[in-house]
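Chain residues, written in single-letter form:
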Amino acid sequence: MEPGAQTPDAFAPAVAALGTAAFAAELLAALNRILPVDHLSLMRFEDRARPPVLESAVWRGGEHVAEVQRAYLGGLYRHDPNLRFSGTTTAVLRLHRDDLSNAAYRKACYERAGLIERVTVAAPDAGRLVVLNLYRREPGGTFAQDEIESIERIARFLAALAVQHVGMLGALLRSRDRADRVAALGARLHALDGRLTRRELDVLARALIGMTSEGIALDLRVSLNTVLTYRKRAYGRLGVTSQAELFALCLG
């Protein structure tokens, strides 16, 4: 790859999508113009004791992504080798599935989804850790050395995109403007599960900022029963059964 020639054009849609629900998918599409990447996840760890905020996108083989995310955020994240990263500058880390010592983590988060290898761009950010994980599935095999070198050449650029996106969403979530917070939460929910419909996102995002079902119905100009139907269907997609579980999944 020639970064000077290909990077601006390949990543222009991802840059344009910073801070939106489309960012993870656009970034994955851009990477696939350069080298095959089956799955992407973007995480921000506030510390080493709490689950990360997580977004993801799938290029191929995403049928188990939602259950993998639930298992990871449910506690298996504690076994993620990325948490041992203590560098002060951007780094590229390579991990093969067979190198994972915790059997439960390896089985639930790698073997279940057919993932064989991960390359991580890790970036410290004001005391937090932002990681961009690029995955390969079994049919595609591991990353070749020249592909690793391609990632290394644009690692600082990828890290800057990831940190900027996380910061923009965080600013929206801290905004006093309700529409900003609803938009940011909708983006987070969409990244967790792209199957959620627009109306399901509308309902869940409003629930996350504290609106009652009756208030959501008035705001969206639909019936209360319609709101409850959207919420039940969305909970089923996400594998949660309560608003508390939704908070834990979406906001870490």
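Residues numbered from 1 in each chain as written. Predicted model: local features only at pLDDT ≥ 70, side-chain atom pairs only at ≥ 80, totals over all residues. Heavy atoms only, no water.

### What about the packing of helix α7 (residues 178–192) against helix α8 (residues 198–208)?
Think of two packed helices as two axes; the pair is described by the angle between the axes and how far apart they sit.
1) Next: For the pair α7 and α8, the least separation of the axes is 9 Å and the interaxial angle reads 120°. Judged by the angle between their axes, α7 and α8 are oblique. Regarding α7 and α8, the two cross each other, and that crossing is right-handed. For the pair α7 and α8, the contacting residues are V182, L185, G186, L189 and H190 in the first and L201, L204, A205, R206 and L208 in the second.
2) Next: Per-class residue counts for the contact of α7 with α8 are seven nonpolar, two polar and one charged. (Axes fitted to C-alpha atoms, helices over the stretch in contact; angles between N-to-C directions. Helix = DSSP H or I, 4+ residues; strand = E, 2+ residues; numbered from the N terminus. Parallel < 35°, antiparallel > 145°, perpendicular 65-115°, else oblique. Left-handed = near helix turned anticlockwise from the far one by under 90°. Contact = heavy atoms within 4.5 Å. Nonpolar A, V, L, I, M, F, W, Y, C, P; charged D, E, K, R; others polar.)

### Observations concerning the confidence of the model for the protein
1) Next: In the predicted model, the protein carries a mean pLDDT of 86, and the fraction of residues at 70 or more is 94%.
2) Next: A low-confidence stretch, residues 1–5 (pLDDT under 50), is modelled with nine contacts involving residues beyond four sequence positions or located in other chains. (pLDDT = per-residue confidence, 0-100.)

### Focus: the pairing of strand β5 (residues 128–137)
1) Next: Burial runs high along β5: nine of the 10 residues are buried.
2) Next: The pairing of strand β1 (residues 39–45) with β5 spans seven bridges and is antiparallel. Looking at the pairing, R44 lines up with V130 of β5.
3) Next: Sheet topology places strand β4 (residues 115–125) next to β5; 10 bridges connect them, and they run antiparallel. Looking at the pairing, L115 lines up with R137 of β5. (Buried < 20%, exposed > 50% of the residue type's maximum accessible area, 1.4 Å probe, protein only. Pairing = 2+ DSSP bridges.)

### Notes on the packing of aromatic side chains
1) Next: What the rule picks out here adds up to five aromatic pairs.
2) Next: With a centroid separation of 5.3 Å and an interplanar angle of 80°, the aromatic rings of F11 and F157 are classed as edge-to-face. Here the residue F11 occupies a position in helix α1 (residues 3–16), and F157 occupies one in helix α6 (residues 155–174), the gap between them amounting to 146 residues.
3) Next: On the basis of relative accessibility, which here comes to 30%, the residue F157 falls in the partly exposed class.
4) Next: Chaining the aromatic ring pairs together yields one cluster made of Y72, Y77, Y105, Y110 and Y135.
5) Next: Over the face of the ring belonging to F143 we find R136, whose NZ or CZ atom lies 4.3 Å from the ring centre. (Phe/Tyr/Trp six-rings, centres within 6.5 Å; stacked < 30°, edge-to-face > 60°. Lys NZ or Arg CZ within 6 Å of the ring centre and 35° of its normal.)

### A word on the pattern of salt bridges
It is possible for side chains bearing opposite charge to pair when their charged atoms get close.
1) Next: If you walk through the whole model with that rule in mind, you get 15 salt bridges.
2) Next: The salt bridge involving E117 is made with R94; its shortest N-O contact spans 2.7 Å. You can see E117 sitting in strand β4 and its partner R94 sitting in strand β3 (residues 91–96), a full 23 residues away along the chain.
3) Next: Taking the relative accessible area as the measure of exposure, E117 reaches 4% and is therefore buried.
4) Next: Between E200 and R237 there is a salt bridge, with its nearest N and O atoms 2.9 Å apart. One end of the pair, E200, is in helix α8; the other, R237, is in helix α10 (residues 224–238), and 37 residues separate them in sequence.
5) Next: In the salt-bridge network here, residues are joined through shared partners; they are R198, R199, D202, R206 and D219. (Salt bridge = Lys/Arg side-chain N within 4 Å of Asp/Glu carboxyl O.)

### Focus: the environment of T142
1) Next: Within the secondary structure, T142 sits in the loop between β5 and α5 (145–153).
2) Next: With relative accessibility at 36%, the residue T142 sits in the partly exposed group.
3) Next: C-alpha separation for the pair T142 and A30, spaced 112 residues apart in sequence, amounts to 19 Å.
4) Next: What T142 contacts, discounting residues up to four positions off in sequence, is R94, H96, I116, E117, R136 and E147.

### With respect to helix α9 (residues 213–220)
Because an α-helix packs 3.6 residues into every turn, residues spaced three or four apart end up facing the same way.
1) Next: Buried residues of α9: S213, I216, A217 and L220, and no others. Angular distribution of buried residues about the axis of α9 spans 100°; they occupy a single face of the element.
2) Next: Looking at the buried positions of α9, the neighbouring elements they touch are α8 and α10. (Arc of directions from axis to C-beta.)

### A few points about α10
1) Next: Under the 1.5 Å per step criterion, the end-to-end length of α10 is 21 Å for 15 residues, consistent within 8% with the ideal 21 Å.
2) Next: Among the residues making up α10, those that are buried are V227, Y230, A234, Y235 and L238. In an axial view of α10, the angular spread of the buried residues amounts to 135°, which keeps them on one side of the axis. Those residues of α10 that are exposed and angled more than 90 degrees off the buried face are N225, K232 and G236.
3) Next: In the stretch just after α10, G239 is the one whose phi turns positive, near 75°. (Expected span 1.5 Å × (residues − 1).)

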